[in-house]
Amino acid sequence: MTFPPDFLWGTATSSYQVEGQNSNSDWYAWEMADPGRIKGALNCGLACNWWANAEADLDIAAEMRTNAHRLSLEWSRIEPEPSVFDSAAIERYRAILQACHDRGLEPMVTLHHFSNPRWLVEKGDFNSEIVADYFQRYTAKVVAELGDLIPKWITINEPITYAVLRYLSREFPYAERTGMGALFEAIHNMLRCHAAAYHTIKESYPAALVGTANNMQVFEARPGGNALDRWWARVVDRLYNDSWQDALHTGRYRGLLGSRRFAHLAGTYDFVGINYYTRFYLRFPPPPGFVDREWGEGAIVSDGDYGEVYPYGLYRTMNHVWQRYGAPIYITENGLPDAADRMRPAFLLDHLRQVWHAISFCYPIMGYYHWSLVDNFEWDRGWTQRFGLVAVDPETQVRTWRPSAHLYREIAGSYTLTDDMAARYAPEMVGVMWPGKEPG
Ligand code: BGC
């Protein structure tokens, strides 16, 4: 199965999860206030030590023969106090971005990935309309100082997921005001932020590509569910998977009850970023924890009950996004927690097969960024879930390539998926991907 010669083979990370010691961020304050909030009680700490030495892991990405990397900037480092920009932090980011280019890794840069400067939180962050002015100012600074090194931009990572975790379920450092009203207000303000950032980037760099990374999962009624469960799955699907990108497309956000138009929003995307992980089963009324944890028969479930491995869901999502928006697509994240790397080789092969399948129908799937290059700080789940192609021991900082890292190296280096690779890394996939073939 061969991929186009201009396909981007990438990995993805985010600043708070890999840099370490982001002491001006709301996440840092949250962790410090009560270590029991982080599962496993091991806090972010030095994370993967990227602030001191991102270059070492970028060397690994290059050795893995990838040609792209998605990373994020920490707003709280760049602007530690309102209107006070830290030139040393900006210089460090220039060095990291240059290091990507030097290694043949095209950077895709996220401006906001789940963490806020503490001062922004004091000002009400996404529950206050003023946030759009602050976000615009931050973006303008980044554009002026680093824009020449950034061909692809993500304004906000997983806006809907972030809004739910911060303003509704309180699993992340939560805002002063939470609940449905606060949730939709935050989404509205994120749309304002996105539109402001989009235009700011395009004014200086019209050829740069700008979009958002959307967490899009498959939502279905639980196996054997009734009509109410199916209706609920459709409601959640629309609100979670479609509502944000629809708003970027039309300029109008349709929430639960009403809809609202936003100025300068329509058409503010050059591609759709899909972060795909799993399929969720729903029932109505929703159980505690919202999703049903009873998987279908024979389901393969990743570490810590994170989710079902459901590769075809990626194809379904790409197909849906292409039919709905007709825009280029990047898989901006895809991965699973699997410390022992028992499932990841098959996961990689099968998800990339779905990408190949979509490309073979001429859908413009332009690149794939595996989450993640290295194990990193997995938010409220701390270090208990390991998403890296390469394992990291957070205490010693020792890196160990998992078999999947070697597999991804072979794939990215050859732009193909072959039965020989499958036979060596995940023999159970040979007959699935190449029907009739036997492993070996
Ligand atoms: C987020 C990442 C996170 C990953 C795995 C995504 O939703 O963007 O920050 O680590 O999922 O849970």
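That block above? That's the structure.
1. Description of the sheet that holds strand 1 (residues 8-12)
With parallel pairing, eight strands are arranged side by side around a closed barrel as 1-2-3-4-5-9-11-12. Geometrically, the sheet is characterised by an average inter-axis angle of 25° between neighbouring strands, direction not taken into account. Of the strands in this sheet, strand 2 (68-72) and strand 3 (106-112) are in contact with helix 5 (residues 87-102), which crosses strand 3 at around 150°.

2. A look at the site of the ligand
As a matter of local geometry, the ligand sits amid 13 residues, with Gln17, His113, Glu158, Tyr306 and Glu378 nearest to it. For the ligand, an oxygen atom lies 3.3 Å from a polar atom in the side chain of tryptophan 371. The separation between an oxygen atom of the ligand and a polar side-chain atom of glutamate 378 is 2.5 Å. In isolation the ligand offers 310 Å² of accessible surface; the protein chains occlude 96% of this area. Its residues assigned to classes, the shell around the ligand comprises six nonpolar, four polar and three charged.

3. Observations concerning the environment of glutamate 19
Along the chain, the position of glutamate 19 falls in the loop between helix 1 (15-18) and helix 2 (26-33). Along the primary structure glutamate 19 and glutamate 378 are separated by 359 residues, whereas in three dimensions their C-alpha atoms are 13 Å apart. Setting aside residues no more than four positions away along its own chain, glutamate 19 makes contact with Leu46, Ala47, Asn49, Trp50, Trp51, Ser72, Glu74, Arg77 and Tyr93. Side chain to side chain, glutamate 19 and arginine 77 meet in a polar contact 2.8 Å long.

4. Here we look at the pattern of salt bridges
In the structure shown here, the tally under the stated rule is 29 salt bridges. Across the pair aspartate 59 and arginine 103 runs a salt bridge, and its minimum N-O distance is 2.7 Å. A residue pair is termed long-range when its members are at least 10 positions apart, and aspartate 59 in helix 3 (residues 50-63) and arginine 103 in the loop between helix 5 and strand 3 qualify at 44 residues. On the basis of relative accessible area, arginine 103 is assigned to the partly exposed category, the value being 25%. It is possible to trace a salt-bridge network through shared partners that takes in Glu220, Arg279, Glu308 and Arg316.

5. Let's talk about the packing of aromatic side chains
Applying the stated criterion to the full structure yields 40 aromatic pairs. Where phenylalanine 114 meets phenylalanine 172, the ring centres are 5.2 Å apart and the plane angle is 65°; that geometry is what we call edge-to-face. On the criterion of sequence distance, the pair formed by phenylalanine 114 in the loop between strand 3 and helix 6 (118-122) and phenylalanine 172 in the loop between helix 8 (159-167) and helix 9 (180-204) is long-range, its members being 58 residues apart. Phenylalanine 172 shares its class with phenylalanine 114; the two are buried.

6. With respect to helix 13 (residues 403-414)
Taking 1.5 Å per residue, twelve residues should reach 16 Å; helix 13 reaches 17 Å between its end C-alpha atoms and fits that length. Those residues of helix 13 that fall on the buried side of the exposure criterion are Ser404, Ala405, Leu407, Tyr408, Ile411 and Ala412. Down the axis of helix 13, the buried side of the element spans an arc of 160°, and every buried residue falls inside it. Buried-residue contacts for helix 13 involve strand 1, helix 12 (344-360), strand 12 (365-371), strand 13 (390-392), strand 14 (399-401) and helix 14 (419-425). In the segment just after helix 13, tyrosine 415 is the residue with positive phi, at about 55°.

The rules behind the values
- Residues numbered from 1 in each chain as written.
- Predicted model: local features only at pLDDT ≥ 70, side-chain atom pairs only at ≥ 80, totals over all residues.
- Heavy atoms only, no water.
- Pairing = 2+ DSSP bridges.
- Helix = DSSP H or I, 4+ residues; strand = E, 2+ residues; numbered from the N terminus.
- Axes fitted to C-alpha atoms, helices over the stretch in contact; angles between N-to-C directions.
- Contact = heavy atoms within 4.5 Å.
- Near = heavy atom within 4 Å.
- Polar contact = N/O pair within 3.5 Å; in protein donor to acceptor, adjacent residues only side chain to side chain.
- Areas by Shrake-Rupley, 256 points an atom, 1.4 Å probe, with all protein chains shown as cover.
- Nonpolar A, V, L, I, M, F, W, Y, C, P; charged D, E, K, R; others polar.
- Salt bridge = Lys/Arg side-chain N within 4 Å of Asp/Glu carboxyl O.
- Buried < 20%, exposed > 50% of the residue type's maximum accessible area, 1.4 Å probe, protein only.
- Phe/Tyr/Trp six-rings, centres within 6.5 Å; stacked < 30°, edge-to-face > 60°.
- Expected span 1.5 Å × (residues − 1).
- Arc of directions from axis to C-beta.

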